[in-house]
Number of protein chains: 2
Amino acid sequence: MKIAFLGTGLMGGPMAKNLAVSGFHISAWNRTPSKAAFLKEFEVDIKISAAEAVKNADVIISMLSDGDASHEMQNDEKIRGNLSPNCTWIEMGSIKPDEARAHSVNLNDLNVNYLDAPVSGGTKGAENGSLAIMVGGDSTVFAKVEDAFEPLGRAVFVGPTGSGQLAKLANQAIVAITIGAVAEATLLLEEGGADAGAVRDALLGGFADSTILQQHGKRMSERNFEPGGPSRLQLKDLRNILAEAKALKIDLPFSLSAHDRYTRLVKSLAGSELDHSALFIELLDINGRKT
Amino acid sequence: MKIAFLGTGLMGGPMAKNLAVSGFHISAWNRTPSKAAFLKEFEVDIKISAAEAVKNADVIISMLSDGDASHEMQNDEKIRGNLSPNCTWIEMGSIKPDEARAHSVNLNDLNVNYLDAPVSGGTKGAENGSLAIMVGGDSTVFAKVEDAFEPLGRAVFVGPTGSGQLAKLANQAIVAITIGAVAEATLLLEEGGADAGAVRDALLGGFADSTILQQHGKRMSERNFEPGGPSRLQLKDLRNILAEAKALKIDLPFSLSAHDRYTRLVKSLAGSELDHSALFIELLDINGRKT
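Along every chain, residues carry numbers that run from 1 in the direction the sequence is written. Numbering of ligands from 1 and lettering of chains from A proceed in the order in which they are written. Reporting of local features is limited, given that this is a predicted model, to residues whose pLDDT is at least 70; pairs of side-chain atoms are given and counted only at 80 or more, and all residues count toward the totals for whole chains, interfaces and linings. Water and hydrogen atoms were dropped before computing side-chain values, which therefore reflect all heavy atoms in the structure.

Draft legend 1. Representation of the interface of chain B and chain A. Listed as interface residues are 64 residues of chain B and, on the opposing side, 64 residues of chain A. Here the buried area means the combined drop in accessible surface, using a 1.4 Å probe, for two parts upon being joined, counting both sides. Buried area between chain B and chain A, both sides added, is near 5300 Å², and the carbon and sulfur share of it is 70%. Of all residues in chain B, Leu188(B), Phe207(B) and Phe254(B) bury the most surface against chain A, accounting for 16% of the area lost on that side. Every case where a carboxyl oxygen of Asp or Glu lies within 4 Å of a side-chain nitrogen of Lys or Arg is listed as a salt bridge. Across the contact surface, chain B and chain A share 2 salt bridges. Among the ionic pairs, Arg154(B) bridges to Asp201(A), the shortest N-O distance being 3.1 Å. Each polar contact in these results corresponds to two N or O atoms within 3.5 Å; when the atoms are within protein, one needs to be able to donate a hydrogen and the other to accept it, and residues that are neighboring in sequence are counted only if both atoms are side-chain atoms. Our count for the chain B to chain A interface comes out at 14 residue pairs in polar contact (both at pLDDT 80 or more). Contacts are residue-level and defined by heavy atoms, with any inter-residue pair within 4.5 Å sufficient.

Here you go:
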């Protein structure tokens, strides 16, 4: 299986490397070529254009900045001309479910298959090959290219085109709201005079326990808001969640409230570049408490 | 160490048994004596009154229906007369932090120590001796009686009197709000056409993962709301959380919203005896969707 990898940045770089090390033949392209150069020692074939990279590829993986960047690639006439019939384009960046659905239609017109397969697990997961990969599209296409996911992490097929992106949004909604829950628990404990760190220990393994409680809760107690995941990205995710909810004509009250409060954190409380656990700062501010 | 166990119901029964099996000398009392009878075969000394049970005890554990029931016991003249000086009363029921603080003062007047040590883990945890036990009070008193917790589960000291109860409330706030988060994720996935079960699998071990996602999320997908933990008890906890927040003069916006929505579920949507994951029914109702 020949794989073209488009976008070898913080996430895409180690992913392309892991594929190459596993024995796949990889051609790669990056907008800033210097960021792709380290891949040469893993026998990755660095190309000077995306159109060159996709030539003869069975699988194209895009890991670009956003949906617009992918859209541009897929509408570039040189790239379109070089796509092999029946090849599969896998979008591994986080884009909107609607964009994924539109990209699928656009590529199917060229007889090119499409999967949306965003990931969770950050740069560590990309480096260790331990990403959670949520795959939407046609299950027979997934079966055909499933081996390509193996060096990257654990891929699970979650439904028709757009479902991978929808799963990523569901993930982000849970993360934002759970951070809000842990912030309230932490404030309640602090104001009531309990030791929040000891309580996190006591709750380990119980119904209230989560990675968010242990990691983000600790950050709140320590007032350590170095990112991690910056609040502006959490806010972008929440915007996409509400846009999708609107398209589906559903109300998600906690997601809406989380959106409004992250907006306040980012716009009024200078929290844009603080870790998303800084929703605790917004809660302190609501209550007239200083950080 | 001689232990008096007051209240041997669904939780207290197996706890008293585990203490007896571990070699402690246990005297026990229960309002309905038949529920204590099974303890005889574990050499528990069943008493006909609470006053008899507490006589000569080094430790009294109360596991009664609520704070009022404990209050009544502690103000019964016969019981008060039978408490040994320097014994320790451990409240293991879930009562309000303020009640715990009042009980402590009341017993300290008799030269009796007091710890509040509510538990999490349900009847299964009580039976297996795997409860999470959150202990508030004086740390030297905790050290003195710590061995008595060992057969019951994992005890963690979390701060001054009332802190154990506060920790339990923090636990319940996180549970209620996380259920709300998982409900929104589940609805988003269903309406968008993704397979929520596959997404739960994909998210396993990631930032959004939790026991609530896996267990309560599954209940939502399967529309299985047999309790489990009934919604009326979740609502009672949320009332106690807001009462404590009011006493501390803090606002907890997600907890307030969860309280209002569980109230609606219990009062308007006949959800009183449904599992607390039935907040999903309330979300469906907001959105004009049928269960």
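There is more to say after this.
Draft legend 2. Spatial organisation of the relation of the copies chain B and chain A. Least-squares superposition of the copies uses the C-alpha atoms of those residues scoring a pLDDT of at least 70 in each of them. Its rotation angle being 180 degrees, the transformation that places chain B on chain A also includes 0.0 Å of axial translation and leaves an RMSD of 0.1 Å. What the superposition gives is, in effect, a two-fold axis relating one chain to the other. A shared interface surface links the copies, since 100% of the contact residues of chain B are contact residues in chain A too.

Draft legend 3. Region of interest: the domain arrangement of chain A. Residues and elements named next belong to chain A. Once the domains are mapped, chain A shows domain 1 (2–160) and domain 2 (166–286). Domain 1 and domain 2 are separated by 31 Å when their C-alpha centres are compared. Surface buried jointly by domain 1 and domain 2 totals about 710 Å² across both partners, of which 56% is contributed by carbon and sulfur atoms. Contact with domain 2 buries area across many residues of domain 1, yet Lys96, Pro97 and Met134 alone supply 46% of it, more than any other trio. Inspection of the region where domain 1 meets domain 2 yields 1 salt bridge. Residues Glu244 and Arg101 are paired through a salt bridge, measuring 3.4 Å at the closest nitrogen-oxygen approach. Scanning the region where domain 1 abuts domain 2 turns up 3 residue pairs in polar contact (both at pLDDT 80 or more). Per the annotation, domain bounds derive from an automatic or database assignment of domains.

Draft legend 4. Broad picture of the nonpolar core. We call a set of buried Ala, Val, Leu, Ile, Met, Phe, Trp, Tyr and Cys residues a nonpolar core when their side-chain atoms join them within 4.5 Å. A 1.4 Å probe rolled over the protein chains alone gives each residue an accessible area, and that area as a share of the maximum for its type sets the label: buried under 20%, exposed over 50%, partly exposed in between. Counting 98 residues, the largest nonpolar core has Leu189(A), Tyr262(A), Leu189(B) and Tyr262(B) as its most contacted members. In this structure, Tyr262(B) is in contact with Ala176(B), Ile179(B), Ser231(B), Gln234(B), Leu235(B), Leu238(B), His276(B) and Leu279(B), ignoring residues within four places of it in sequence.

Draft legend 5. How the structure looks around the pattern of salt bridges. Residues and elements named next belong to chain A. Per the stated rule, a full pass over the model turns up 26 salt bridges over all chains. Measuring nitrogen to oxygen at the nearest pair gives 2.8 Å for the salt bridge that ties Asp98 to Arg101. With Asp98 and Arg101 both in helix H5 (residues 97–108), this residue pair falls 3 residues apart, about one helical turn. Look at the salt bridges and you will find they share partners, linking Arg261, Arg264, Glu282 and Asp285 into a network. In DSSP terms, a helix is any run of H or I states spanning at least four residues, a strand is any run of E spanning at least two, and both are numbered starting from the N terminus.

Draft legend 6. Seen up close, helix H8 (residues 163–192) of chain A. Residues and elements named next belong to chain A. By this rule the span expected of a helix is its residue count minus one, scaled by 1.5 Å. With 30 residues, H8 extends 43 Å between its outermost C-alpha atoms, agreeing within 8% with the 44 Å of an ideal straight helix rising 1.5 Å per residue. H8 sits mainly inside the fold: 28 of its 30 residues count as buried. Backbone geometry just after H8 places Gly193 at a positive phi near 90 degrees.

Draft legend 7. How the structure looks around a negative patch on the surface. Residues and elements named next belong to chain A. Two distance rules govern patches: like charges are joined within 9 Å, and nonpolar side chains (Val, Leu, Ile, Met, Phe, Trp, Tyr) within 5 Å, applied only to residues with over 30% relative accessible area and no salt bridge. Residue-level accessible areas treat just the shown protein chains as cover; the underlying method is Shrake-Rupley with a 1.4 Å probe. We count Lys and Arg on the positive side and Asp and Glu on the negative side, and we leave His and both chain ends out. A single reference atom marks each charge: NZ on Lys, CZ on Arg, CG on Asp, CD on Glu. On the surface, Asp66, Asp68, Glu72, Asp76 and Glu77 cluster together into a negatively charged patch. By secondary structure assignment, the location of Asp76 is in the loop between helix H3 (67–74) and helix H4 (77–82). Taking the relative accessible area as the measure of exposure, Asp76 reaches 33% and is therefore partly exposed.

Draft legend 8. Structural detail: helix H11 (residues 231–247) of chain B. Between its first and last C-alpha, H11(B) extends 24 Å over 17 residues, near the 24 Å set by a 1.5 Å rise per residue. Among the residues making up H11(B), those that are buried are Ser231(B), Gln234(B), Leu235(B), Asp237(B), Leu238(B), Asn240(B), Ile241(B), Glu244(B) and Ala245(B). Of the surrounding elements, those touching the buried residues of H11(B) are H8 of chain A together with helix H5 (97–108), helix H8 (163–192) and helix H12 (253–267) of chain B.

Draft legend 9. Focus on the pairing of strand E2 (residues 25–29) of chain A. Residues and elements named next belong to chain A. With 4 of its 5 residues buried, E2 lies for the most part within the structure. Paired strands are those between which DSSP finds at least two bridges. In the sheet, strand E1 (residues 2–6) pairs with E2 via 5 bridges, with the strands oriented parallel. Residue pairing across strands places Ala4 opposite Ser27, the latter belonging to E2. Relative to strand E3 (residues 45–46), E2 runs parallel, the two sharing 2 bridges. Looking at E3, one finds that Ala28 is bridged to Ile46.

Draft legend 10. Molecular detail of the environment of Val182(B). Mapping Val182(B) onto the fold places it in helix H8. The sequence separation of Val182(B) and Leu269(B) amounts to 87 residues, and the corresponding C-alpha distance is 20 Å. Non-local contacts of Val182(B), meaning those with residues more than four positions away in its chain, are made with Ile174(A), Ile212(B), Leu213(B), Gly217(B) and Met220(B).

Draft legend 11. Highlighting the environment of Pro160(A). By the secondary structure assignment, Pro160(A) is in the loop between strand E9 (153–159) and H8. Residues Pro160(A) and Leu115(A) lie 45 residues apart in sequence; the distance between their C-alpha atoms is 8.9 Å. The contact partners of Pro160(A), leaving out residues within four places of it in the chain, are Gly136(A), Gly137(A) and Gly193(B).

Draft legend 12. Fine view of the pairing of strand E5 (residues 88–91) of chain A. Residue and element names in this part refer to chain A. With burial as the criterion, each face of E5 is covered, one bearing Thr88 and Ile90 and the other bearing Trp89 and Glu91. With 4 bridges connecting them, strand E4 (residues 59–62) and E5 associate as parallel partners. Within E5, the position partnered with Ile61 by the bridge is Ile90. Sheet topology places E5 next to strand E6 (residues 113–116); 4 bridges connect them, and they run parallel. Looking across to E6, one finds that Glu91 is bridged to Asp116. Call a crossover right-handed when, viewed with both strands pointing away from you, the route from the first strand across the helix to the second goes clockwise. The β-α-β motif built from E5, the intervening H5 and the parallel element E6 has right-handed crossover chirality.

Draft legend 13. Geometry of the packing of aromatic side chains. Pairing of aromatic rings covers Phe, Tyr and Trp, the last counted by its six-membered ring, and requires centre-to-centre distances within 6.5 Å; plane angles under 30 degrees mean stacked, over 60 mean edge-to-face, and any other angle means tilted. Applying the stated criterion to the full structure yields 5 aromatic pairs over all chains. Taken together, a centroid distance of 5.9 Å and an interplanar angle of 35 degrees make the contact between Phe142(A) and Phe149(A) tilted. Given a relative accessible area of 2%, Phe149(A) falls into the buried group. Connected via pairs of aromatic rings, a cluster forms that spans Phe142(A), Phe149(A) and Phe157(A). One cation-aromatic arrangement involves Arg261(A) over Phe254(B); the distance from NZ or CZ to the ring centre is 5.1 Å. By definition here, charges over rings are those cases where NZ of Lys or CZ of Arg is within 6 Å of the ring centre and within 35 degrees of the ring normal.

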